[in-house]
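Chain by chain, the residues run as shown.
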Amino acid sequence: MDHGHHYPAWDASYIRTVVRDLIDTKELAGVLHESSSAAAAAAAALFVPTIYTTMQRQAMDQHFEALGFVTVATCHSMGIVPSTMGDYVKERFPTATVLKGIVMDRDRIVNPLIPLLQEAISDNTFVDLRVHLPEALLLNNNNNNTNHSSHHYDDHDDDLLTIVRDMALPQVSSSSAARGGGDIILSHGEVLF
């Protein structure tokens, strides 16, 4: 329903110029992201306030400090592009280990598995690692596993294999390892050794 109100069209280039000037004079705190292509530049720009990126950084840092890891799902929930999560976390936690779908504190995730694996090898038994790995890591694997065949591992299953096979098992004492290895059974976020 038209009530006779006619509003002028916004001049996007003028708005971008004003926002850039306000940022340059420190009257507006934030970053203006503009497209580098001429066609898109006429239509697209995104202003991200400094308070938003500060709060985002604090939330990510607190999450990593509290849990010792960050997953793709964490990034999605915090508005962080998952492909940048490794660099993003390593800015504040340079010793973090970056895998395909997780960034983790190796001391908090891998090291507690070592004595469990050593005991399983020594006792010739198994350990259900689902009990000892953070649920969010297993959910990250399960939710992102699109191939439901236990014979094919996706990137997230690769992360669990890397954690167990490539990071924890090499740390098991040589006397236990010499008595026999073990098999890793991995399917849909479930992991047994």
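That block above? That's the structure.
In what follows, the accompanying structure is described.

Attention now goes to the packing of helix H3 (residues 50–67) against helix H5 (residues 85–92). Relative orientation of the contacting elements H3 and H5 amounts to 80°, with a least axis distance of 10 Å. Considering the angle they form, H3 stands roughly perpendicular to H5. Only Tyr88, Val89, Glu91 and Arg92 of H5 make contact with H3, whose side of the interface consists of Thr53, Gln56, Arg57, Met60, Asp61 and Phe64.

As a further point, take the nonpolar core. Judged by nonpolar contacts, the single largest core of 22 residues is most densely connected at Met104, Ile109, Leu117, Leu129, Leu133 and Ile163. Every element with two or more residues in this core is listed here: strand S5 (102–104), helix H7 (113–122), helix H8 (135–144) and helix H9 (155–168). Ranked by size, the runner-up nonpolar core spans 13 residues in total, among them Met60, Phe64, Ile80 and Phe93.

Attention now moves to a nonpolar patch on the surface. A cluster of nonpolar side chains, namely Trp10, Tyr14, Ile15, Val18 and Leu22, defines an oily patch on the protein surface of about 530 Å² accessible area. In this structure, isoleucine 15 sits in helix H1 (residues 12–24).

Relative to the helices and strands, glutamine 56 resides in helix H3. Of the residues examined, glutamine 56 reaches a relative accessible area of 12% and is grouped as buried. Polar contacts involving the side chain of glutamine 56 include one to the main-chain carbonyl oxygen of methionine 78, which spans 2.9 Å. Discounting residues that sit within four places of it in the chain, glutamine 56 has contacts with Met78, Gly79, Ile80 and Tyr88.

What follows concerns the sheet that holds S5. With antiparallel pairing, three strands are arranged side by side in an open sheet as S3-S5-S4. Strand pairing shows two members of the sheet lacking a second neighbour, strand S3 (69–71) and strand S4 (97–98), which therefore form its edges. Summarising the sheet, S4 and S5 pair through two bridges and their orientation is antiparallel. Among the inter-strand pairings, threonine 97 is bridged to a residue of S5, identified as methionine 104. Sheet strands touched by H3: S3 and S5. Its angle to S3, the strand with the most contacts, is close to 120°.

The topology assignment puts phenylalanine 126 in the loop between H7 and H8. Sequence separation between phenylalanine 126 and leucine 116 is 10 residues; the distance between their C-alpha atoms is 9.1 Å.

A full pass over the atoms with the stated rule returns one aromatic pair. Aromatic pair phenylalanine 64 and phenylalanine 93: ring centres 4.6 Å apart, planes at 40°, arrangement tilted. A residue pair is termed long-range when its members are at least 10 positions apart, and phenylalanine 64 in helix H3 and phenylalanine 93 in the loop between H5 and S4 qualify at 29 residues. For phenylalanine 64, a relative accessible area of 4% puts it in the buried group.

Between its first and last C-alpha, H1 extends 18 Å over 13 residues, near the 18 Å set by a 1.5 Å rise per residue. Buried within H1 are the following residues: Arg16, Val19 and Ile23. End-on view of H1: buried residues confined to an arc of 65°, all on one side of the axis. Pointing more than 90 degrees away from the buried face of H1 are the exposed residues Tyr14 and Asp24. Looking at the residues trailing H1, positive phi occurs at lysine 26, about 65°.

Parameters at a glance
Residues numbered from 1 in each chain as written. Predicted model: local features only at pLDDT ≥ 70, side-chain atom pairs only at ≥ 80, totals over all residues. Heavy atoms only, no water. Axes fitted to C-alpha atoms, helices over the stretch in contact; angles between N-to-C directions. Helix = DSSP H or I, 4+ residues; strand = E, 2+ residues; numbered from the N terminus. Parallel < 35°, antiparallel > 145°, perpendicular 65-115°, else oblique. Contact = heavy atoms within 4.5 Å. Core = buried A, V, L, I, M, F, W, Y, C linked by side-chain atoms within 4.5 Å. Buried < 20%, exposed > 50% of the residue type's maximum accessible area, 1.4 Å probe, protein only. Patch = residues over 30% accessible without salt bridge, like charges linked within 9 Å, V, L, I, M, F, W, Y side chains within 5 Å. Areas by Shrake-Rupley, 256 points an atom, 1.4 Å probe, with all protein chains shown as cover. Salt bridge = Lys/Arg side-chain N within 4 Å of Asp/Glu carboxyl O. Polar contact = N/O pair within 3.5 Å; in protein donor to acceptor, adjacent residues only side chain to side chain. Pairing = 2+ DSSP bridges. Phe/Tyr/Trp six-rings, centres within 6.5 Å; stacked < 30°, edge-to-face > 60°. Expected span 1.5 Å × (residues − 1). Arc of directions from axis to C-beta.

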